[in-house]
Each structure stands twice: as C-alpha cells, then as structure tokens.
Amino acid sequence: MPTALCPGSFDPPTNGHIDVIERTARYFDDVVVGVTVNPSKKPLFSTAERIEMLDLSLAHLDNVELASLDGLLVDFAARRDIRVVVKGLRAVSDFEYELQMAQMNSALRPELDTFFVVAKPEWAFLSSSLVKEVARYGGSVEHLVPAPVAKALADRFGVASS
Ligand code: PNS
C-alpha cells in the first residue's frame, strides 16, 4: 500500500489519534500526518508545538512523517501524490461531518479516497477539546494522552505533572 494521509488539528494529540495513526502505519508503506495550520481556530498549541508533540509520541514508528498542512487538504495531497486519506470515527455523531468532508474532497479531487478507521472503545469518548478542559481545571489526563502531551498541557496550564 502506498502513502496515507492522516490529517487533523491535533490540538493536542490524544491516545485516540495515536491509535489511529499506529493502525494506519500497519497497513500503509508510509503515513504523512498533516497538522492543520488554521489561525481562525485559535489553537492552544502552535503548529510547531503540535508537530513536536506528535514527533515525540510517534518516535517508535519509522514510516510516519509529520508535516504542516496549510490550505486545502486536496492540494496538499496532490502536491505529494497522496491518494488515500485515513480518518478515525468515534461515534455516529462524527460520521455526518466526516462523510461531508470526504465527499467534498472527492468532488474537488476524484482520485482521492477516504478510508475510515473505527476508534477503539476505550478512546471513543476522547476529544482534544475535552482533554483541554479537564487539564485546564487541573484534572488528570495522563491516561488519555501521550506523556509528552500531558507534560505540555501541565506546562501550559501551570499544574504539576507526575
Ligand atoms: O482534527 P479535525 O479538526 O477533525 O480535522 C479536520 C481536518 C484537518 C481534516 C479539516 O479541517 C481539513 O481538511 N482542513 C484542511 C482545509 C480543507 O481542505 N478544508 C476543506 C475540507 S472538505
């Protein structure tokens, strides 16, 4: 299998994201993780910080490359001759928006296909937004995100991490 693109905001990456990327890396020769640059979303972490967290969290995979994804996903994919996008689905509620994006991407670039990976049940409730909210109020997220992310959250919100 050639190259797959795993796109996302990853603000911050969670164990659910890492699981989807790990499983994608098992089936594809190469995986490009595209970290969106979208200033209108006002991310907690800069693109460089999110890339660094992913880099540390995915160091055990030698077929994964990290890149910032600026502009349209279809243009990023075309520049790299990527034809498969892989996204995780946690619940039916994800499906509607993911389907819409997959079909829009297909309308913009018909040769680009989207594959969906079903989230493991233990991560199905996880979202970057909830993780940030819990961490902001001093709750423990160490079992929900990779260690470098837990540390970055603790540093950002000024709480101790074990
Ligand atoms: O982690 P997210 O926020 O669910 O990821 C959304 C993402 C990055 C896949 C989407 O926002 C995206 O593709 N952004 C790039 C800009 C683009 O192509 N937008 C049109 C999508 S149909």
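Let me sum up the structure you'll find in this document. Being a predicted model, the structure only gives us computed values, none of them experimental.

**Quick notes on the nonpolar core**
Next, step 1: Formed by 19 residues in total, the largest nonpolar core has its most connected members in Ile 21, Val 31, Val 33, Leu 54, Leu 58, Val 64 and Val 86.
Next, step 2: Secondary structure elements with two or more residues in this core: β1 (3-8), α1 (15-27), β2 (30-36), β3 (64-69) and β4 (84-89).
Next, step 3: Looking at which element gives the most residues to this core, the answer is α1, with 4 residues.
Next, step 4: Excluding its chain neighbours within four sequence positions, the residues that come into contact with Leu 58 are Ile 18, Ile 21, Val 33, Val 64 and Leu 66.

**Thoughts on the environment of Asp 94**
Next, step 1: Within the secondary structure, Asp 94 is located in helix α4 (residues 92-108).
Next, step 2: With residues near it in sequence (within four places) discarded, Asp 94 still touches Gly 88 and Leu 89.
Next, step 3: Polar contacts involving the side chain of Asp 94 include one to the main-chain amide nitrogen of Arg 90, which spans 2.8 Å.

**As for the packing of aromatic side chains**
Next, step 1: Counted according to the given criterion, the structure contains 2 aromatic pairs.
Next, step 2: When the ring of Phe 28 is compared with that of Phe 115, the centres are 6.2 Å apart and the planes differ by 50°; the resulting orientation is tilted. Placement of Phe 28 in the loop between α1 and β2 and of Phe 115 in strand β5 (residues 113-118) is noted, with a sequence separation of 87 residues between them.

**A few points about the packing of helix α2 (residues 47-57) against helix α6 (residues 147-157)**
Next, step 1: Where α2 contacts α6, the two axes come as close as 9 Å, and the packing angle between them is 145°. Contacts from Glu 49, Met 53, Leu 56 and Ser 57 in α2 reach Pro 148, Val 149, Ala 152 and Arg 156 in α6.
Next, step 2: Here the residues of the contact of α2 with α6 are counted per class, giving 5 nonpolar, 1 polar and 2 charged.

**Topic: the sheet that holds β3**
Next, step 1: In spatial order, the strands read β3-β2-β1-β4-β5; together these 5 strands make up an open sheet with parallel pairing. Taken across any chain shown, the strands that pair with only one partner, and hence form the sheet edges, are β3 and β5. Across the sheet, the mean angle separating the axes of adjacent strands is 30° when strand polarity is ignored.
Next, step 2: Two elements, β1 and β2, share 6 bridges in a ladder whose sense is parallel. Counterpart to Thr 3 in the pairing with β2 is Asp 30.
Next, step 3: Sheet strands in contact with α2 are β2 and β3, and its direction is about 150° off that of β2.
Next, step 4: Sheet strands in contact with α4 are β4 and β5, and its direction is about 170° off that of β4.

**Digging into the pairing of β2**
Next, step 1: In terms of residue burial, β2 counts as a mostly covered element, since 5 of its 7 residues are buried.
Next, step 2: Between the parallel pair β1 and β2, the chain is carried across by α1, and the sense of this crossover is right-handed.
Next, step 3: Where β2 meets β3, 6 bridges bridge the pair, whose relative direction is parallel. Note that in β3 the partner of Gly 34 across the bridge is Ala 67.

Here is what the cut-offs are and how they apply
Residues numbered from 1 in each chain as written. Predicted model: local features only at pLDDT ≥ 70, side-chain atom pairs only at ≥ 80, totals over all residues. Heavy atoms only, no water. Core = buried A, V, L, I, M, F, W, Y, C linked by side-chain atoms within 4.5 Å. Buried < 20%, exposed > 50% of the residue type's maximum accessible area, 1.4 Å probe, protein only. Helix = DSSP H or I, 4+ residues; strand = E, 2+ residues; numbered from the N terminus. Contact = heavy atoms within 4.5 Å. Polar contact = N/O pair within 3.5 Å; in protein donor to acceptor, adjacent residues only side chain to side chain. Phe/Tyr/Trp six-rings, centres within 6.5 Å; stacked < 30°, edge-to-face > 60°. Axes fitted to C-alpha atoms, helices over the stretch in contact; angles between N-to-C directions. Nonpolar A, V, L, I, M, F, W, Y, C, P; charged D, E, K, R; others polar. Pairing = 2+ DSSP bridges. Right-handed = clockwise from strand over helix to strand, strands pointing away.

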